[in-house]
Amino acid sequence: MSQTELGAPTPKRGRPGYDREQVLAVAVKVFNEHGYDATSVADLTAALGLTKSALYHHFDSKAAILELALNDALDGLEQVVDDAEARHPLASDRLRAIVRGAVHVLIAKLPSVTLLLRVRGNSEVETTALRRRRDFDQRVTAILAEAQSEGLIRDDVDAAVATRLIFGMINSVVEWYRPGGPVDPDELGEDILRVTLDGLQSR
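About the cut-offs
Residues numbered from 1 in each chain as written. Predicted model: local features only at pLDDT ≥ 70, side-chain atom pairs only at ≥ 80, totals over all residues. Heavy atoms only, no water. Helix = DSSP H or I, 4+ residues; strand = E, 2+ residues; numbered from the N terminus. Rg over C-alpha atoms; globule rule 2.2 N^0.38 Å. Buried < 20%, exposed > 50% of the residue type's maximum accessible area, 1.4 Å probe, protein only. Contact = heavy atoms within 4.5 Å. Areas by Shrake-Rupley, 256 points an atom, 1.4 Å probe, with all protein chains shown as cover. Lys, Arg positive; Asp, Glu negative; His and termini not counted. Charge placed at Lys NZ, Arg CZ, Asp CG, Glu CD. pLDDT = per-residue confidence, 0-100. Axes fitted to C-alpha atoms, helices over the stretch in contact; angles between N-to-C directions. Parallel < 35°, antiparallel > 145°, perpendicular 65-115°, else oblique. Nonpolar A, V, L, I, M, F, W, Y, C, P; charged D, E, K, R; others polar. Core = buried A, V, L, I, M, F, W, Y, C linked by side-chain atoms within 4.5 Å. Salt bridge = Lys/Arg side-chain N within 4 Å of Asp/Glu carboxyl O. Polar contact = N/O pair within 3.5 Å; in protein donor to acceptor, adjacent residues only side chain to side chain.

J.: Explain the overall build of the protein chain to me, using residue names and the numbers behind them.
T.: Across its full length, the protein chain carries 10 helices and zero strands. Starting at the N terminus and ending at the C terminus, the protein chain contains elements arranged as α-α-α-α-α-α-α-α-α-α. A compact globule built from 203 residues should have a C-alpha radius of gyration of about 17 Å, whereas the protein chain, at 21 Å, is more than 25% larger. Dimensions along the principal axes, computed over C-alpha positions, put the protein chain at roughly 75 × 45 × 30 Å. Of all 203 residues assigned to the protein chain, the portion counted as buried reaches 39%. Counting contacts in the protein chain only where the partners sit at least 6 residues apart, residues at least 24 apart contribute 69% of the total. For the protein chain, the exposed surface amounts to about 11,600 Å²; the carbon and sulfur share of it is 51%. Mean positive and mean negative side-chain charge positions of the protein chain (24 and 31 charges, respectively) differ by 4 Å.

J.: Lay out the confidence of the model for the protein chain in plain terms, naming residues and giving numbers.
T.: With 91% of its residues at a pLDDT of at least 70, the protein chain reaches an overall mean of 89. Confidence drops under a pLDDT of 50 for residues 1–15, and excluding neighbours within four residues, the segment shows six contacts in the predicted structure.

J.: Account for the packing of helix H4 (residues 62–87) against helix H7 (residues 124–149), naming residues and giving values.
T.: Put simply, H4 and H7 touch, their axes get as near as 10 Å, and they point 10° apart. Taken together, the axes of H4 and H7 lie roughly parallel to each other. Two secondary-structure elements touch here, H4 through Ala63, Leu66, Glu67, Leu70, Asn71, Leu74, Asp75, Leu77, Glu78, Val81, Asp82 and Glu85 and H7 through Val125, Glu126, Ala129, Arg132, Arg133, Phe136, Arg139, Val140 and Ile143. Per-class residue counts for the contact of H4 with H7 are 11 nonpolar, one polar and nine charged.

J.: Outline the nonpolar core, listing residues and values.
T.: If you look at soluble globular proteins, the nonpolar side chains tend to sit buried side by side. Within the largest apolar cluster, 61 residues are counted, with the highest numbers of intra-cluster contacts made by Ile65, Leu70, Ile98, Leu106, Ile166, Phe167 and Ile170. By residue number, the principal contributor to this core is H4, which donates 10 residues. Sequence-distant contacts of Leu106, defined by excluding residues within four places in its chain, comprise Val113, Ile170, Asn171, Val173 and Val174.

J.: Describe the side chain of Glu126, naming the residues involved and giving the relevant values.
T.: Looking at the element boundaries, Glu126 is found in helix H7. This buried residue, Glu126, is left without a salt bridge; Arg120 holds the nearest opposite charge, at 7.2 Å. At a separation of 3.1 Å, a polar atom in the side chain of Glu126 contacts the main-chain amide nitrogen of Arg120. Here Glu126 is in contact with Tyr36, Asp37, Leu66, Val119, Arg120 and Gly121, once residues within four sequence places are set aside.

Have a look at this one:
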């Protein structure tokens, strides 16, 4: 006697090949390889092996895919700051937690963070993402300035400049880090702390 005859539910038919998360992953890969503006819906369907109607079953538009990917990266980075502020009374400790956390987010969400770092504000979705990035930078800059006032971070470097230098190093990881490669992802955050914040410590 078959499972159907026994009363088991008949499997539901779905879109073959991909679920929503898999479509997102392939689309972000194509965006990163060719650029968001240069990627057409036809390029996405070709990469996925789907029809346009099947793609639109998952996402309303190319912009909707971009928005979800950028929000994924930004939500992760913003949560790092939220957690640091909730857990660490000293600004210098919050700063260290943010560096470690940002590196972790970058590695865990490498494709979406790479895409975030390449947007130029050519659409409303990109403009919103850039505004959130600026807000993130300003929050970190304020924490770094507070650490300077605590006397734990040297104050002869402008806080905004120091923030840009630190995140310039963190963001450069997207260009060379390869998952599964020889670089230990847990140690990478500590290496960046040694090169950046340890050099900024008050003497």
